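Secondary and tertiary structure notes
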Amino acid sequence: MAAMSALPDLWTHKPRSVLTFRPGTRVADIDTNATPGFSGEKSDAPDLQAERNGVFAALQEQLYACGKTGTDSRSVLLVLQGMDTAGKGGIVEHVVGAGNPMGIRYTSFGVPTAEERAHHYLWRIRNALPGPGKIGVFDRSHYEDVLVVRVHELVPPDVWGARYDEINAFEKELTDAGTAIVKVAMFVSLDEQKRRLAERLERPDKYWKYNPGDLDERALWPAYQDAYQTVLDRTSTEYAPWHVVPCDRKWYARLAVTELLIEALHGMQLSWPPADFDVEAEKKRLASA
Ligand code: ADP
């Protein structure tokens, strides 16, 4: 298992080390077209992605087996945040989708429902957390409550302003309880976003992904940049750091997030649950069954 999980040669640096947010990094300066730590090309991606999907799936199965048998109650939470078209759905489909759905808990967070609005903003988040052995996937997350909510002034500044510390405390509680949090901030350039939105308008099979409101959010990009900057500055912690993933090249973003998940799972040093029965005795029983 350890050899299988080793970083492929095409990576010159561990994605975790090159992508972890460093204090001082400016969102406005992120090169969204870059492929940090990766020396390969787009043409290397399909084979490598398939191979690494297999590594991820094997580790996920081990995590699931531990949870299922009660030998280990830990879990993983993948938090995907990014502007429209950044590729969150592609990560879910092409990366997480390689795993066994039984062990995945996927939740997308849209505009809060009336019931959700009646509760604290972390209520719906807590309700969606992964149980033992599961990988939770948040397609948007509690960070919307300091992103869209801040940009659109849905609550007063003192209210959203208090949320950064609250989110840090919440994530500390989760990690202390055994959830490894992998936070991924996905950045796409305005040009690339325009190209992806245009494609959605050109192709009938993509209309369903187009939302006229996306153009209104696009116009607010400077305000979103400021909001993302504060998220990274205030909520990238030792126990739940942000990873800044350039997403103009989808193939790179997918490879990178796959490695982040593999690294997180590998770091948990999982082992297969031992048999809770006498293996030899069962073999004998089976032979004569
Ligand atoms: P997507 O656009 O990701 O495909 P949806 O159509 O379900 O998904 O809607 C997501 C929308 O919900 C986004 O515009 C997002 O900003 C908004 N949203 C998510 N969380 C909140 C929140 N807490 N408050 C207000 N709007 C939110």
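Read on for an overview of the structure. (Residues numbered from 1 in each chain as written. Predicted model: local features only at pLDDT ≥ 70, side-chain atom pairs only at ≥ 80, totals over all residues. Heavy atoms only, no water.)

Helix α13 (residues 250-267) packs onto helix α3 (residues 45-69) with a crossing angle of 30° between their chain directions and a minimal axis gap of 10 Å. By the angle class used here, α3 and α13 are roughly parallel. Like other packed secondary-structure pairs, α3 and α13 cross with a definite hand, here left-handed. Facing α3, whose interface residues are A45, L48, Q49, R52, N53, V55, F56, L59, Q60 and L63, α13 presents W251, R254, L255, T258, E259, L261, I262, L265 and H266. Here the residues of the contact of α3 with α13 are counted per class, giving 11 nonpolar, 5 polar and 3 charged. (Axes fitted to C-alpha atoms, helices over the stretch in contact; angles between N-to-C directions. Helix = DSSP H or I, 4+ residues; strand = E, 2+ residues; numbered from the N terminus. Parallel < 35°, antiparallel > 145°, perpendicular 65-115°, else oblique. Left-handed = near helix turned anticlockwise from the far one by under 90°. Contact = heavy atoms within 4.5 Å. Nonpolar A, V, L, I, M, F, W, Y, C, P; charged D, E, K, R; others polar.)

Under the counting rule described, the total for this entry stands at 8 aromatic pairs. Arranged with centres 4.9 Å apart and planes meeting at 85°, the rings of F109 and F138 form a pair that is edge-to-face. Highlighted residues: F109 in the loop between β2 (104-108) and α5 (114-117) and F138 in strand β3 (residues 135-139), separated in sequence by 29 residues. Pair check on accessibility: F109 and F138 agree, each one buried. Here a set of aromatic residues connected by ring pairs shows up, and it is made of W11, F38, W251 and Y252. Here R163 stacks its cationic end above the ring of Y121, 4.3 Å away from the centre of that ring. A cation over a ring is seen here: K172 above Y239, with NZ or CZ 5.8 Å from the ring centre. (Phe/Tyr/Trp six-rings, centres within 6.5 Å; stacked < 30°, edge-to-face > 60°. Buried < 20%, exposed > 50% of the residue type's maximum accessible area, 1.4 Å probe, protein only. Lys NZ or Arg CZ within 6 Å of the ring centre and 35° of its normal.)

Considering the arrangement of structural elements, one finds S75 in strand β1 (residues 75-82). When its relative accessible area of 2% is taken as the criterion, S75 is described as buried. Once the C-alpha coordinates of S75 and P130 are considered, the two residues, 55 residues apart in sequence, prove to be 6.4 Å apart. Setting aside chain neighbours within four positions, we find S75 in contact with P130, G131, G133, K134, G178, T179, A180 and M268.

With 14 residues, helix α9 (residues 163-176) extends 20 Å from end C-alpha to end C-alpha; this agrees with the ideal 20 Å at 1.5 Å per step. All of the buried residues along α9 are R163, Y164, I167, N168, F170, E171, L174 and T175. On an axial view of α9, the arc spanned by its buried residues comes to 165°, and they lie on one face. In this fold, the buried residues of α9 make contact with β1, α6 (123-126), α7 (148-151), α8 (157-161), β4 (179-187) and α12 (221-235). Backbone geometry just downstream of α9 places G178 in the positive-phi region, at approximately 105°. (Expected span 1.5 Å × (residues − 1). Arc of directions from axis to C-beta.)

The next point concerns the pattern of salt bridges. All told, the structure shown has 17 salt bridges when counted by the stated rule. Among the salt bridges present, the one from R196 reaches E192, with a minimum N-O distance of 2.8 Å. Of the two residues, R196 and E192 both sit in helix α10 (residues 190-202), 4 residues apart, roughly one turn of that helix. In this structure E192 comes out as buried when scored by relative accessible area, which is 13%. The salt bridge involving R203 is made with E199; its shortest N-O contact spans 3.0 Å. Linked by salt bridges that have partners in common, D84, R140 and E144 make up one network. (Salt bridge = Lys/Arg side-chain N within 4 Å of Asp/Glu carboxyl O.)

Another aspect to go through is the nonpolar core. If you look at the biggest cluster of nonpolar residues, it comprises 40 residues, and the most contacted ones within it are L78, V184, V245 and L265. When residues of this core are traced back to their parent elements, those giving at least two are α3, β1, α4 (88-94), β3, β4 and α13. Ranked by the residues each element gives to this core, the list is headed by α13, at 11 residues. Ignoring any residue separated from it by four or fewer positions in sequence, one finds V184 in contact with L78, V79, L80, Q81, W242, H243, V245, V257 and L260. (Core = buried A, V, L, I, M, F, W, Y, C linked by side-chain atoms within 4.5 Å.)

Next up on the list: the site of the ligand. Taken together, D84, F109, G110, V111, P112, R124, R140, E144, D145, V148, V149 and L154 make up the full set of residues near the ligand. At 3.2 Å from a nitrogen atom of the ligand is found a main-chain nitrogen or oxygen belonging to G110. In the model, a nitrogen atom of the ligand is placed 3.1 Å from a nitrogen or oxygen of the R124 side chain. The fraction of the free accessible surface of the ligand (570 Å²) that becomes covered by protein chains is 67%. Classifying every residue of the shell around the ligand gives 6 nonpolar, 1 polar and 5 charged. (Near = heavy atom within 4 Å. Polar contact = N/O pair within 3.5 Å; in protein donor to acceptor, adjacent residues only side chain to side chain. Areas by Shrake-Rupley, 256 points an atom, 1.4 Å probe, with all protein chains shown as cover.)

A separate point is the pairing of β3. The buried fraction of β3 is high, at 5 of 5 residues. With 5 bridges joining them, β1 and β3 adopt parallel strand pairing. Note on β3: the bridge partner recorded for V79 is F138. Sheet topology places β2 next to β3; 5 bridges connect them, and they run parallel. What sits directly across from S108, in β3, is D139. (Pairing = 2+ DSSP bridges.)

On their own, these measurements won't tell you what the molecule is for.
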